[in-house]
Amino acid sequence: MSGSDPSGGGVVRFCRSRSAGRRCTRPLGHPGLHRHRTIMWTDASADPPRCPGSGEPGEPAAQLPDGYPHGRALCAGCQQFVPLDTAGRLAEHEASDDAETDAEAGSRREWFNLHGW
């Protein structure tokens, strides 16, 4: 089912904290330290929220049949679809979108399943 994890429990959300570009692999809202494999870090030592991909050149990504991602480009830094400015560069954005909807997460997953990484 689109938008759900294989166990049927809904969209799986992972923590978006980063350290030296590594993304935390724990669930969203987890207690304690962030972790990526054997590397651990605190909120205070995390990378700044602004994605380093902001301002990089981009081009609209291929579309799904429903039009997703609607002219946005894929950011290599955070793997989100981001609008382009008039110069064809990725708009300034944060590496984490805490307000991301289940529909957006599901569409992004469908895009990656169809078009790959």
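Keep in mind it's a predicted model, so treat the numbers as computed, not measured. (Residues numbered from 1 in each chain as written. Predicted model: local features only at pLDDT ≥ 70, side-chain atom pairs only at ≥ 80, totals over all residues. Heavy atoms only, no water.)

What to know about the overall build of the protein
Move 1: Tallying secondary structure elements over the protein gives 1 helix and 6 strands in all.
Move 2: If you list the helices and strands of the protein from N to C, you get β-β-β-β-β-β-α.
Move 3: Relative to its length of 117 residues, the protein is compact, with a C-alpha radius of gyration of 15 Å against a globular reference of 13 Å.
Move 4: Here the protein holds 117 residues, and 34% of them are scored as buried.
Move 5: Contacts spanning at least 24 positions in sequence make up 46% of the contacts within the protein whose residues lie at least 6 apart.
Move 6: As presented, the protein carries roughly 7,200 Å² of accessible surface, and 54% of it is formed by carbon and sulfur atoms. (Helix = DSSP H or I, 4+ residues; strand = E, 2+ residues; numbered from the N terminus. Rg over C-alpha atoms; globule rule 2.2 N^0.38 Å. Buried < 20%, exposed > 50% of the residue type's maximum accessible area, 1.4 Å probe, protein only. Contact = heavy atoms within 4.5 Å. Areas by Shrake-Rupley, 256 points an atom, 1.4 Å probe, with all protein chains shown as cover.)

Things to note about the pattern of salt bridges
Move 1: What the rule picks out here adds up to 3 salt bridges.
Move 2: When the shortest N-O distance is used, the salt bridge between R108 and E100 registers 2.9 Å. Comparing R108 with E100, the two get one shared label, buried. (Salt bridge = Lys/Arg side-chain N within 4 Å of Asp/Glu carboxyl O.)

Thoughts on the packing of aromatic side chains
Move 1: Throughout the structure, instances matching the rule amount to 4 aromatic pairs.
Move 2: Taking the centre distance of 5.4 Å and the plane angle of 80° together, the rings of Y68 and F81 count as edge-to-face. With Y68 in the loop between β4 (39–41) and β5 (73–74) and F81 in strand β6 (residues 81–82), this residue pair connects regions lying 13 residues apart in the sequence.
Move 3: Accessibility expressed as a relative area gives 3% for Y68, which makes it buried.
Move 4: Note on W111 and F112: the rings are 5.2 Å apart at their centroids and 90° apart in plane angle, and the pair reads as edge-to-face. (Phe/Tyr/Trp six-rings, centres within 6.5 Å; stacked < 30°, edge-to-face > 60°.)

What to know about the nonpolar core
Move 1: Counting residues in hydrophobic clusters, the biggest one holds 7 residues: C51, A73, C75, C78, V82, L90 and A95.
Move 2: Beyond its immediate sequence surroundings of up to four residues, A95 is in contact with R16, R18, P49, R50, C51, C78 and Q80. (Core = buried A, V, L, I, M, F, W, Y, C linked by side-chain atoms within 4.5 Å.)

Focus: the environment of A46
Move 1: Examined against the element boundaries, A46 turns out to sit in the loop between β4 and β5.
Move 2: A C-alpha to C-alpha distance of 31 Å links A46 and G71, two positions 25 residues apart in sequence.
Move 3: Each residue touching A46, except ones within four places of it in the same chain, is listed here: S17, R18 and W41.

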